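# Tertiary structure, described
Next come the chains, spelled out residue by residue.
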Amino acid sequence: MPALLAYMRIPCESPAFDPRWRDNGHIDRAAELMQEWSARQLAGVPGASVEMLRLGTRTPVLVVDIPGDAGTPCLIYGHLDKQPPMDGWTNGRSAWTPSREGDRLYGRGSADDGYALFSAITAIRALHDQGASLPRCLILIEACEESGSGDLPAYIDHLADRIGVPAVVFALDAGCGNYDQLWLTTSLRGQVAGTLTVRVLEQGIHSGDGSGVVPSSYRIARQLLSRLESEDSGEVMEAFHVPIPDASRAQADVAAEALGADFHAQLPLASGVRPVADKVSELILNRTWRPQLAVLGIDGLPSVANAAAVTQPSTTLKLGLRLPPTLDPVRSAATLKRLFESDPPYGAQVEFTPQLQSGGWLAPSMPAWLEHIVEEASIAAFGARPASIGGGGGIPFLSMLGERYPRAQFIVTGVLGPQSNAHGPDEFLDVPTAIRITIALAHILRDVQLQAGSHDSHAFASTVPAQDTTHDGTTP
């Protein structure tokens, strides 16, 4: 806990939000803190090493290597970079000053994803202290996940020989439907994010002269958004949809039964506001498999307090389009650019500039022996069976590893449960859940190592290969 609190105080914003991250040194401080703590914790574990890798001007990567015993090679992933602080923290809380209120530890980066390294090291240290057989574990903590993991492929290539072919990949950067059981994330959405700019004037003019003569850049932006999204239903045009697998629909039904109205009731909806659908399973599929548009920011309009009678020359919108897990983000970005820029209303100057193209991910099916291990771990740690759900966000690392190691098993979990509010104000870590996930991780690591002792290496391959996709990433 002291090391976690020290990490939370470091404003190590991801490079997308802190372009001067090298000069500011916050990412380096956070990485060095984790490196020193890990080295102390693993001092008595035979062969364990902790290394900070720096490739050129890229963000650093922390690599923790525990040789373990012969058997299952495991790769464990987390990240240390953070989102910006944001306004709106309540009750004296703040992004860079951690505070504990009962079971909740408030502060940026606590749940997304600072706890991951501390959880993984603690689980491995516990197994060693108890004399359990350890699998070979490589822990990888990156520092640009919140910027799309652009630096990570170079490190994966650099570490290819050390990583080898992992049998099980653990990612501790996901969410949980509640704090009562172990939740596995079985899919993640991709994303295209970028800026849409509409220009109608070289400079602002008096609205008495401009309105009714010069087309409003804001109105044109609204028209362009309607090409993509229905303003009545929020449904995105068909080109960005894919068929939803039957297994994912079944998981949504089971998760909906477990969560009920709590799935959306835990969100801070304003008084009287209803979710976009009544059926919880449909809300889950909306958040996991159907494309969704978000307007993330706007430039070109002054604040209400400073607004004058001026026809503004341009409007720029920051857009985020969440994509189905199997849809190609590069092709989607090109489709989006054509959609917005072709035949602009009134001949306005329109430009869409993609800034992030992130692939989604769909987990391979889990064999029965691993399902049994995960179930026993959840019961041991939480006293309840596990549940599965698709994730609404993205972890680029998983799509990258999924392509490189298509027959690896993936156990993707995390502590981002109801009201934990990653990326927003009042982000918190539910401490008992972090402890239980650490316990579950230790159980799974121990039991997959025991499984390795009683089966050949083929036992760790998926019984069904990762789902094939067509050339554009859609499910055939």
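Presented here is an overview of the structure given in this document. Remember, predicted model here, so these are calculated numbers, not experimental data. The numbers attached to residues start from 1 for each chain and follow its sequence in the written order. In view of the model being predicted, local features appear only for residues whose pLDDT reaches at least 70, and side-chain atom pairs are presented and counted only at 80 or more, with totals across whole chains, interfaces and linings using the full set of residues. Side-chain numbers here rest on the full set of heavy atoms in the structure, without hydrogens or water.

### Quick notes on the environment of Val-50
Helix numbers and strand numbers start at the N terminus; a helix is a DSSP run of H or I with at least 4 residues, a strand a run of E with at least 2. Locating Val-50 in the fold gives a position in strand E1 (residues 49-53). Sequence separation between Val-50 and Val-63 is 13 residues; the distance between their C-alpha atoms is 5.9 Å. Pairs of residues are marked as contacts when any of their non-hydrogen atoms sit within 4.5 Å. If we ignore the near neighbours within four places in the chain, the residues touching Val-50 are Gln-35, Ser-38, Ala-39, Leu-42, Leu-62, Val-63 and Val-64.

### Description of the environment of Leu-134
Looking at the element boundaries, Leu-134 is found in the loop between helix H4 (110-129) and strand E6 (136-142). Buried, partly exposed and exposed residues are distinguished by accessible area as a fraction of the type maximum, computed with a 1.4 Å probe on protein chains only: under 20%, between the cut-offs, and over 50%, respectively. Taking relative accessible area as the criterion, Leu-134 reaches 7% and is therefore assigned buried. The spatial distance from the C-alpha of Leu-134 to the C-alpha of Ala-434 is 21 Å, given a sequence separation of 300 residues. Dropping the residues within four chain positions of it, Leu-134 is found in contact with Val-45, Ile-66, Gly-68, Asp-69, Ile-124, Leu-127, His-128 and Gln-449.

### Concerning the packing of helix H3 (residues 26-41) against H4
Between N-to-C directions, angles cover 0 to 180 degrees, with each direction set by a line fitted to C-alpha atoms, over the stretch in contact for helices. Between H3 and H4, the least distance of the axes is 10 Å, while the angle of their chain directions is 10 degrees. Relative to H4, the element H3 is oriented roughly parallel. Contact residues: H3 offers Leu-33, Met-34, Trp-37, Ser-38 and Gln-41, while H4 offers Gly-114, Leu-117, Phe-118, Ile-121, Thr-122 and Arg-125. Under the scheme applied here, ten amino acids are nonpolar (Ala, Val, Leu, Ile, Met, Phe, Trp, Tyr, Cys and Pro), four are charged (Asp, Glu, Lys and Arg), and all others, including Gly, are polar. The class makeup of the residues in the contact of H3 with H4 is 6 nonpolar, 4 polar and 1 charged. Roughly parallel refers to an angle under 35 degrees, roughly antiparallel to one over 145, roughly perpendicular to one between 65 and 115, and oblique to any angle outside these ranges.

### Focus: the sheet that holds strand E17 (residues 409-412)
Whether two strands pair depends on DSSP finding at least two bridges between them. One open sheet accounts for 6 strands, arranged E1-E2-E6-E3-E7-E17; its pairing is mixed. Only two strands of the sheet have a single partner each, and these edge strands are E1 and E17. Neighbour-to-neighbour, the strand axes of this sheet turn through a mean angle of 15 degrees, independent of strand direction. Sheet topology places E1 next to strand E2 (residues 61-66); 5 bridges connect them, and they run antiparallel. In the sheet register, Glu-51 faces E2, and the bridge partner there is Val-63. Together, E1, E2 and E6 form the strand contacts of H3, whose direction differs from that of E1 by roughly 165 degrees. Across the sheet, H4 lies against E2, strand E3 (73-79) and E6, angled at about 150 degrees from E3, the strand it touches most.

### Digging into helix H8 (residues 217-228)
Note: α-helices contain 3.6 residues per turn, so residues at a spacing of three or four share the same orientation. Given the number of residues in a helix, its expected span is that number minus one, multiplied by 1.5 Å. Taking 1.5 Å per residue as the helical rise, H8 with its 12 residues ought to reach 16 Å, and the 17 Å between its terminal C-alpha atoms agrees with that figure. What H8 keeps buried is the set Ser-217, Ile-220, Ala-221, Leu-224, Leu-225 and Leu-228. Each buried residue of H8 lies within a common arc of 145 degrees when the element is viewed along its axis, so the set occupies one face. The inward-facing, buried residues of H8 abut strand E9 (190-199), strand E11 (292-299), strand E13 (314-323), helix H12 (329-341) and strand E14 (349-358). The N-terminus of H8 is capped by Ser-216, whose side-chain oxygen sits 3.2 Å from the backbone nitrogen of Tyr-218. Taken from the helix axis, the directions to the C-beta atoms give the arc we talk about. Polar contacts here mean pairs of N or O atoms no more than 3.5 Å apart (in protein, one a potential hydrogen donor and the other a potential acceptor; neighbouring residues in sequence count only if both atoms are side-chain atoms).

### Digging into helix H13 (residues 368-382)
Helix length check: H13, at 15 residues, gives a terminal C-alpha distance of 21 Å against a target of 21 Å (1.5 Å per residue), a fit within 8%. All of the buried residues along H13 are Trp-369, Leu-370, Ile-373, Val-374, Ala-377, Ser-378, Ala-381 and Phe-382. Where H13 terminates, the next one or two residues include Gly-383, which has phi positive at roughly 75 degrees.

### Description of the pairing of E13
Looking along a regular strand, one sees side chains alternate from face to face of the sheet. Across the 10 residues of E13, 8 count as buried, placing the element largely inside the fold. With 7 bridges connecting them, E11 and E13 associate as antiparallel partners. Within E13, the position partnered with Leu-293 by the bridge is Leu-321.

### So, the sheet that holds strand E15 (residues 361-362)
In space, the 3 strands of this open sheet follow the order E15-E8-E16, with mixed pairing throughout. Only two strands of the sheet have a single neighbouring strand rather than two, namely E15 and strand E16 (387-391). Inspection of the sheet shows strand E8 (residues 183-188) paired to E15 by 2 bridges, in the antiparallel sense. If you follow Leu-188 over to E15, its bridge partner there is Trp-361. Where helix H9 (residues 246-259) meets the sheet, it contacts E8 and E16, and its direction lies at approximately 110 degrees from that of E16.

### So, the packing of H8 against H12
Geometry of a packed helix pair, given as the angle between the helix axes and the separation of the axes. One way to put it is that H8 packs onto H12 with a least axis distance of 9 Å and a crossing angle of 135 degrees. On the basis of the axis angle, H8 is oblique to H12. Here H8 and H12 pass one another in a crossing that is right-handed. Of the residues in H12, those in contact with Leu-224, Leu-225, Arg-227 and Leu-228 of H8 are Leu-336, Leu-339 and Phe-340. Among the residues forming the contact of H8 with H12, the class breakdown is 6 nonpolar, no polar and 1 charged. For any helix crossing, the convention is left-handed if the near helix is rotated counterclockwise from the far helix by under a right angle, and right-handed if that rotation is clockwise.

Don't take any of this as a statement about function, it's just geometry.
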